[in-house]
Amino acid sequence: MKTILIGAGSHLGVHIDGAAFGAEHLVRKAGEQPHRLFMQDLDFVKSKAADDLRKNEKEIEKYNTALYQLMLTEIQNGAFPILLGGDHSVAVASALASNKVHGDLGIIWLDAHTDFNTFASTVTGNIHGLPLAAITGYHCEELRTFHKGPVIDPHKAVVVGARAVDPEEWTNLRDAGVTVFTTEDIQLMGASEVMERAFRIAGEKAHVSYDLDLIDPKTAPGVSVPETEGISEQEAMDLVAELTRNIDKIVSFDLVELNPLRDLNGRTEDLAVRILEQIEEAVKSK
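If you're wondering where the values come from, they're calculated on a predicted model, not measured in any experiment. Counting restarts for each chain, with residues numbered from 1 along the sequence as it is written. Two thresholds apply to this predicted model, a pLDDT of at least 70 for residue-level local features and 80 or more for giving and counting side-chain atom pairs, whereas whole-chain, interface and lining totals are computed over all residues. In computing side-chain values, all of the structure's heavy atoms are included and hydrogens and water are not.

1. With respect to the environment of D153
Here is step 1: In this structure, D153 sits in the loop between α4 (131–135) and β5 (157–162).
Here is step 2: Once the C-alpha coordinates of D153 and S252 are considered, the two residues, 99 residues apart in sequence, prove to be 17 Å apart.
Here is step 3: Think of a polar contact as two N or O atoms within 3.5 Å of one another; within protein, one of them needs to be a possible hydrogen donor and the other a possible acceptor, and neighboring residues in sequence only count if both atoms come from side chains. Reaching out from D153, the side chain makes a polar contact with the backbone nitrogen of H155 at a distance of 2.9 Å. Elements are defined by DSSP. Helices are runs of H or I of four residues or more, strands are runs of E of two residues or more, and each kind is numbered from the N terminus.

Written out as structure tokens, the structure reads:
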């Protein structure tokens, strides 16, 4: 099956700059492989104010509207899209475009954060903390005005690797019916058992979104919002191995939050490239 790499170069969803360039770096590694790079307006002066709890909402919606249309076109043309972020707010466009075409998807969200805040519960106003809520229809209608169709059922949504979740976010997750496996679950149960359960919940067709801050920052420092006590490099690659083993169930994939401005000696980028290569190889065999 053919893949298309889509570089979603936006860091509008987080108060820290740099993730937009992560998309650019990864697309550059693609060489001759089919790819598209869609950069935000880098001249736009984004809001970083602590008291702004809807940071850059209109600009994000504008960006994601165009990204959604690009994703739809590529998926309808039969490609397997691999979206390279960019901060995690770009996944709203990616996941909903895939659901529009394929229908009735589950979603597996590999992330240190559950990204299930709403505008009512967010503490920071950083919209990269809201995308999974938007994708599964839990409030956040303002972030998906471009999507006319069903959202992803939250009962088919699984977060893997969470360890930094706001108290009100836990309330949202329980209310919506999202399943959460923590970093500790991965370490205690192993990647194979956790992912077997995740795919069972997500169902026969799934969108997968892999945030590099899932990994401990001692191994992967190049992210905008690192969280300590994450999984090891080996555990990260074990999860990727489980994804490739279940590649027939995956219809679209995100790899997000690489921030080259924070990457020590390119360590995170090197790991991201390894993840990307394994997913690409698995898709070719579909």
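2. Re the packing of helix α7 (residues 191–202) against helix α8 (residues 233–245)
Here is step 1: The N-to-C vectors of α7 and α8 enclose an angle of 40°; their axes lie 9 Å apart at closest approach. Comparing their axes, α8 and α7 come out oblique. For the element pair α7 and α8, the recorded crossing hand is right-handed. When α7 is examined against α8, the residues A191, S192, M195 and F199 are found in contact with a partner set consisting of D238, L239, E242, L243 and R245.
Here is step 2: For this classification, Asp, Glu, Lys and Arg are treated as charged, while Ala, Val, Leu, Ile, Met, Phe, Trp, Tyr, Cys and Pro are nonpolar and the rest, including Gly, are polar. Of the residues that constitute the contact of α7 with α8, the class distribution is five nonpolar, one polar and three charged. To obtain each axis, a line is fitted to C-alpha atoms, and for helices this fit is confined to the stretch in contact; angles are then taken between N-to-C directions over 0 to 180 degrees. Any angle that falls under 35 degrees is termed roughly parallel, while one over 145 is termed roughly antiparallel, one within 65 to 115 roughly perpendicular, and all others oblique. In this scheme the handedness of a crossing depends on how the near helix is turned from the far one: anticlockwise by less than a right angle means left-handed, clockwise means right-handed. Contacts: residue pairs with any heavy atoms within 4.5 Å of one another.

3. Let's talk about unusual backbone geometry
Here is step 1: For the peptide bond that leads from G85 to G86, omega is 15°, which places it in the cis range.
Here is step 2: Checked against the element boundaries, G86 lands in the loop between β3 (80–85) and α3 (91–102).
Here is step 3: The phi angle at N56 is positive, at roughly 60°, despite the residue not being glycine.
Here is step 4: As for its placement among the helices and strands, N56 is situated in the loop between β2 (35–39) and α2 (57–76).
Here is step 5: The exposure class assigned to N56 is buried, which follows from its relative accessible area of 8%.
Here is step 6: For C140, which is not glycine, the phi torsion reads 55° and is therefore positive.
Here is step 7: Considering the arrangement of structural elements, one finds C140 in the loop between α4 and β5.
Here is step 8: The classification of residues rests on relative accessible area computed with a 1.4 Å probe and restricted to protein chains. Under 20% of the type maximum is buried, over 50% is exposed, and intermediate values are partly exposed. With a relative accessible area of 3%, C140 lands in the buried category.

4. Some remarks on the packing of α8 against helix α9 (residues 267–284)
Here is step 1: At a closest axis distance of 9 Å, the pairing of α8 and α9 adopts a crossing angle of 15°. As the angle between them shows, α8 and α9 are arranged roughly parallel. Crossing of α8 against α9: the hand is right-handed. From α8, E233, M237, V240, L243 and T244 reach across to α9, where they touch L271, R274, I275, Q278, I279 and A282.

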